[in-house]
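Fold and geometry: a report
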There are 2 protein chains.
Amino acid sequence: MTPITIYDIAREADVSVSTVSRVLNDTAPVRASTRQKVLSIIEKHQFQPNALARSLIKKETGTIAIILPDITNPFFPEVFSGAENEARGLGYTFFLCNTGGDHDRESEYLSILREKRVDGIIFLGGRVNLQNCPEDMAQELNDIAERLPIVLVNGNLPKSRIHRVYTDEAAGAVLAVKHLLDLGHREIAFVGGLQKMSTTMLKVKAVQKTLKEHGLEIPKDRLLLGSFSIDDGKRLMSELLEQDNRPTAVMCVNDYTAIGAIKATIEHGLSIPKDVSIVGYDDTPLATAVIPELTTVSQNTYQLGKLAVDILHELILQKKPRRNTTLQPELIVRQSTGPAPAKI
Amino acid sequence: MTPITIYDIAREADVSVSTVSRVLNDTAPVRASTRQKVLSIIEKHQFQPNALARSLIKKETGTIAIILPDITNPFFPEVFSGAENEARGLGYTFFLCNTGGDHDRESEYLSILREKRVDGIIFLGGRVNLQNCPEDMAQELNDIAERLPIVLVNGNLPKSRIHRVYTDEAAGAVLAVKHLLDLGHREIAFVGGLQKMSTTMLKVKAVQKTLKEHGLEIPKDRLLLGSFSIDDGKRLMSELLEQDNRPTAVMCVNDYTAIGAIKATIEHGLSIPKDVSIVGYDDTPLATAVIPELTTVSQNTYQLGKLAVDILHELILQKKPRRNTTLQPELIVRQSTGPAPAKI
DNA sequence: GTGAAAGCGCTAACAA
DNA sequence: TTGTTAGCGCTTTCAC
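In the nomenclature of an unreviewed UniProt entry, chain A is known as LacI family DNA-binding transcriptional regulator of Paenibacillus provencensis.

Have a look at this one:
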C-alpha cells in the first residue's frame, strides 16, 4: 500500500538516505541541485515520511491529548476550540478523549495516551473536579505527571504539584450574587450541579458566604442540587416554584440548568425577570439563544483552552511555567435578571 | 525520563525480549511461572510498551481521525460522540481536527494524518459538502482514499468511490414542508445556509420541488440564504418579517438559524406558532432548550457517527462494506409549528 | 556536502 | 516453551 520509504527515494535519486533525511528536515546543508533532485522524486511519489519512525527516535510525537467528560456539553467544545487553535499553531495534533465522567475510562485513556507517547495531556472535569478525589486516582495522575506534562483546567488535586489553568469560580459566583443583591433580591436560591463536584460546591459556598455577609442565607429547601442538565434545571426549578414561598432570584450552576430553570418558570406562568431573576454560569452560546437572554458568568472559556496549551507547550519545552494560571470571571448582564419584585 | 524498555524488563526477569513481548501480546504460550515473573516486573516499573515502535512494525496505529468544520456547532459534538463511543469499543483513539471550514486547513490535516499513519479518516463538512467541489480538492481526497480508508459523513464528492454515511437530507426537508402544508400553510419561506454548501441547496431544492407539486413556490424574496449561525437566522428572519406580505411559515437550514428566527419573530411582537410557524433541522439539544420548543428534523446524529466508525472499521479490516449507508430523517413535531393563521 | 552504520523499541520468523 | 536475530522507517553521529 504505502511501501515507499526514504530508501526508495534515496535509491531513485542516487543519493544516500541521510541526504534525503537532510532535505526533509533541513538539518544540514545539501547542494541545491541535489536537493532539487530529491525533492522532485519525493513530489513525484507523493512520499510522506513515516512520523512513527521519526517519533521513535526523536522522542516526541507532536501530539497532545485532551481528556474531558462530555463534548456535547457546550462548555467543552469552546475550551477545545481555544486549545486546538493554539495547538495547531504550535504544530500539535489533538487526541480528544471523551470519558462521560467515568473514572475508569479516564484511567484507560491515560494508559493508552502514555503508550502512544503523547507529548502532553490536558485534563478537564472528572476526577480533577471532585470535591474529594480518592487517593488512588489522584496518585495515578500525579505519577503520570512525573513523566509527562499535564495541565489541569478548572480542576484541582489534593496535594498535587500539577500545573493548572483555571478561573476563579468562587469569584464568579460572588459577582453573580452581588448583582442579585444590588437588584434588591433577598430570597435567593441555588439550583443544579452534582454535590460531589467542586464546580458545584465552590459556587455554593461562595454564594453562602456572600449572603451571610449580608445577613442572609440559602435555606435548605432553596439549595437544590442535581446534575448539570437542562432537564434537571427544569425539574428543580419546578420544585422551587411550587414551594409556598418562592425565591425571587435563582442562581444556577451552569447555563444548561439555567435554561431548564427558565423553561420551568415560563411554564409556571411567571415572567422573567419581573417575577423571578435567573442567572447562569459559563456564558455558552446558549446564553444568547434563549428568550430572555441569559445573565451569566463568563469564564473566558476559549481563553482557558488556549492558555492550557500554552502552559503545556512550555512544559514540553522543559521551561518552567508558573504552576497556577488564573483567569478572572466576568458577569455578563443580559435580560434574565431584573429588580426584585415588591414584597408580597 | 521513560527510558525503560522491553529489554530492561527482559534482563531483570532473566528472559529474552521475545518472551516479554509474548506475555505482552499473548501471542504465543508462555509458562505460567515465567509469565508471572515478567508481569510482576512490568507492574513494578509501571512499564508501558511503546506504541510507536509497535505500530511501526504492525502498520497499524489504533488511531483514527475525524475532520470537521466546527466543533462548537452542536451538530458536530453529537456526531463525534457517537463516533467516539463506537471507536473506543473497537480499540481506537480519536484525533479531532477542527478546520473552521477552511479548505487549506483540511489539506494540512490530511497531510499530517497521513504522516502519523492513522488507520482511517472520517470527513465531515467542508469540501465534502460543497455544491461544486473544485477538481483538485476532490482529487486530493480521492488520492488519499486509495491508500487510506475514508468515510464521508453527510457529504459527497463528484465521481468518487469513497464510502459514505448520510441521511437523506432532501427527504427530511420534504417531511418538514409537508408538515407545513398539512397545517394549511401556503406562504412558506426558507432561511439560512450558505449557497455553496450542498446541505443548503439539497434542502432548498427539495422544498421547491414539493411546493411545486402543490402549485406553490418560494418567491425570490422569501429565499434568504446566509450562514448557519443564530445571528444570521435572526437577521434574515427580521428581513422577512418586515416585508409587506410576510410568510406564515419558515423552514430553516438548521436549528441554529431557527433559533435566531424565533428570536426575531418574538422581538417583532409576533407569536409562535399562532402568527408564524418555524421549523429547524438537526434536532440538536438546543431544540428543546428554547421556548417554544422547536419542531425540527432529526438526522439521528449520534447514529451517523456510530455508523461512520463501523464502516471505517470494516474498511480497515479489508472487508468490503457497502459503499453507501443512508439513514432516514425523522420529523420531530414540537411547539414551533401550528395551523396557518386565517387569511388576512 | 555526502555516505555508512548504529540505533529508537518493538515484533516475528526461525531455531533450538 | 524459549532465545536469536533481522528488520519496521527514520535520524544522527562520525568519517570522508
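On to the interface of chain B and chain A. Contacts between the two partners involve 55 residues from chain B, matched on the other side by 55 residues from chain A. Together, the buried faces of chain B and chain A total about 5,200 Å²; carbon and sulfur atoms form 55% of this surface. On the chain B side of the interface with chain A, the three residues burying the most area are B:Gln48, B:Leu52 and B:Arg117, jointly 13% of the side's total. One can count 2 salt bridges joining chain B with chain A. We note a salt bridge from A:Glu293 to B:Lys263, for which the minimum N-O separation is 2.3 Å. The interface formed by chain B and chain A contains 28 residue pairs in polar contact (both at pLDDT 80 or more). Those elements that place two or more of their residues in the side of chain B that touches chain A are α4 (51-58), α5 (75-89), β2 (93-98), α6 (103-115), α7 (135-147) and α11 (255-267) of chain B.

On to the relation of the copies chain B and chain A, then. Note on the identical chains: chain B maps onto chain A by a rotation of 180 degrees and an axial translation of 0.0 Å, with an RMSD of 0.1 Å. Such a combination of turn and shift is consistent with a two-fold rotation axis. Residue B:Phe95, judged by its C-alpha, is the member of chain B lying nearest the rotation axis, at 2.2 Å. Both copies present the same face, since 100% of the interface residues in chain B are matched by interface residues at the equivalent positions in chain A.

Before going further, it helps to examine the sheet that holds strand β9 (residues 277-279) of chain B. Residues and elements named next belong to chain B. One open sheet holds the 4 strands; their spatial order is β7-β6-β8-β9, and the pairing between them is parallel. Where the open sheet ends on each side, the last strands, each with one partner, are β7 (223-224) and β9. Direction of pairing for strand β8 (residues 249-252) relative to β9: parallel, over a ladder of 3 bridges. Looking across to β9, one finds that Met251 is bridged to Val279. In the packing of helix α9 (residues 198-213) onto the sheet, contacts are made with β6 (188-191), β7 and β8, and the angle to β6 comes to roughly 175 degrees. On top of the sheet, helix α10 (residues 230-241) reaches β6, β7, β8 and β9; it is set at about 150 degrees to β6, its chief contact.

Rules and cut-offs
- Counting from 1, residues in each chain are numbered in the order their sequence is written.
- Numbering of ligands from 1 and lettering of chains from A proceed in the order in which they are written.
- Selection of residues for local features in this predicted model requires a pLDDT of at least 70, selection of side-chain atom pairs for listing and counting requires 80 or more, and totals for whole chains, interfaces and linings are taken over all residues.
- Hydrogens are left out, water is left out, and the side-chain values use all remaining heavy atoms of the structure.
- Residues are treated as being in contact if the distance between any of their heavy atoms lies within 4.5 Å.
- Buried area, as used here, totals the accessible surface that two parts lose on assembly, with accessibility defined by a 1.4 Å probe and the loss added over both.
- Any carboxyl oxygen of Asp or Glu that lies within 4 Å of a side-chain nitrogen of Lys or Arg is treated as forming a salt bridge with it.
- Polar contact criterion, stated in full: a pair of N or O atoms within 3.5 Å, where within protein one must be able to donate a hydrogen and the other to accept it, and residues adjacent in sequence count only if both atoms are side-chain atoms.
- Strands here mean DSSP runs of E at least two residues long; helices mean DSSP runs of H or I at least four residues long; both are numbered from the N terminus.
- Superposing copies: least-squares fit, C-alpha atoms only, residues required to have pLDDT of at least 70 in both.
- Strands qualify as paired when DSSP identifies two bridges or more between them.
- A fitted line through C-alpha atoms represents every axis, and for helices the fit uses only the stretch in contact; the resulting angles, taken between N-to-C directions, go from 0 to 180 degrees.

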